[in-house]
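Structural characterization, general
Each chain, written out:
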Amino acid sequence: LTGHLASRVSAQSLLASRARSAFLSSLKAYRSFPRELRSCFPFQQLHLGHLATSFGLREAPREVVKKERYERTAAEEETTSPSKVRKGKAGKAKAGKGKGTKGGKGGK
């Protein structure tokens, strides 16, 4: 049953993205239990691979985090304003170049 679920999740990129997001959200929620409940739900004893499998994910939890970060940065780049786009030699300025000081190690 888990193999069938994992194959269905991995076949659809949107579903896989949502499964990764849900997995990471559940980790954050588990980690933020109130102090009184932490002895009942020790995070260190949680098997992250088994938890990932329960969400239909085949990749290791470390890979889940990498893919989620990649997707998030790709989505942010799509919504970046045109002022942050680097221009070529014909353009007036390049974004992200230095601190705006000429030479040396900066101001005192």
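Residues numbered from 1 in each chain as written. Predicted model: local features only at pLDDT ≥ 70, side-chain atom pairs only at ≥ 80, totals over all residues. Heavy atoms only, no water.

1. As for the nonpolar core
Of all hydrophobic cores here, the largest spans ten residues; its members are Val-9, Ala-16, Ala-19, Phe-23, Leu-24, Leu-27, Leu-51, Ala-52, Leu-57 and Val-64. Among the elements of the structure, α2 (13-31) and α3 (48-54) are those that each provide at least two residues to this core. Broken down by element, this core gets its largest block of residues, five residues, from α2. (Core = buried A, V, L, I, M, F, W, Y, C linked by side-chain atoms within 4.5 Å. Buried < 20%, exposed > 50% of the residue type's maximum accessible area, 1.4 Å probe, protein only. Helix = DSSP H or I, 4+ residues; strand = E, 2+ residues; numbered from the N terminus.)

2. Details of the packing of α2 against helix α4 (residues 61-78)
Across the interface, α2 lies against α4 with an axial gap of 10 Å and an inter-helix angle of 115°. For the element pair α2 / α4, the angle class is roughly perpendicular. At the point where α2 passes α4, the crossing takes the left-handed sense. Of the residues in α4, those in contact with Ser-17, Arg-20, Ser-21, Phe-23 and Leu-24 of α2 are Pro-61, Val-64, Val-65, Lys-67, Glu-68 and Glu-71. Tallied by class, the residues present in the contact of α2 with α4 amount to five nonpolar, two polar and four charged. (Axes fitted to C-alpha atoms, helices over the stretch in contact; angles between N-to-C directions. Parallel < 35°, antiparallel > 145°, perpendicular 65-115°, else oblique. Left-handed = near helix turned anticlockwise from the far one by under 90°. Contact = heavy atoms within 4.5 Å. Nonpolar A, V, L, I, M, F, W, Y, C, P; charged D, E, K, R; others polar.)

3. Observations regarding the layout of surface pockets
Remark: the empty space left among the atoms is shown by a probe the size of a water molecule rolled over them. There is about 160 Å³ of room inside the largest pocket. For the lining of the largest pocket, the secondary-structure elements that each account for two or more residues are α2 and α4. In terms of residues, the lining of the largest pocket owes the most to one element, α2, which gives five residues. When the residues that make up the lining of the largest pocket are grouped by side-chain class, the tally is three nonpolar, two polar and four charged. (1 Å grid on protein atoms, 1.4 Å probe; cavity = no way out; pocket = protein on both sides within 12 Å on 5 of 7 lines; lining within 4 Å. Points joined across faces, edges and corners; volume = space filled by probe spheres on them.)

Shape descriptors only; they carry no functional weight alone.
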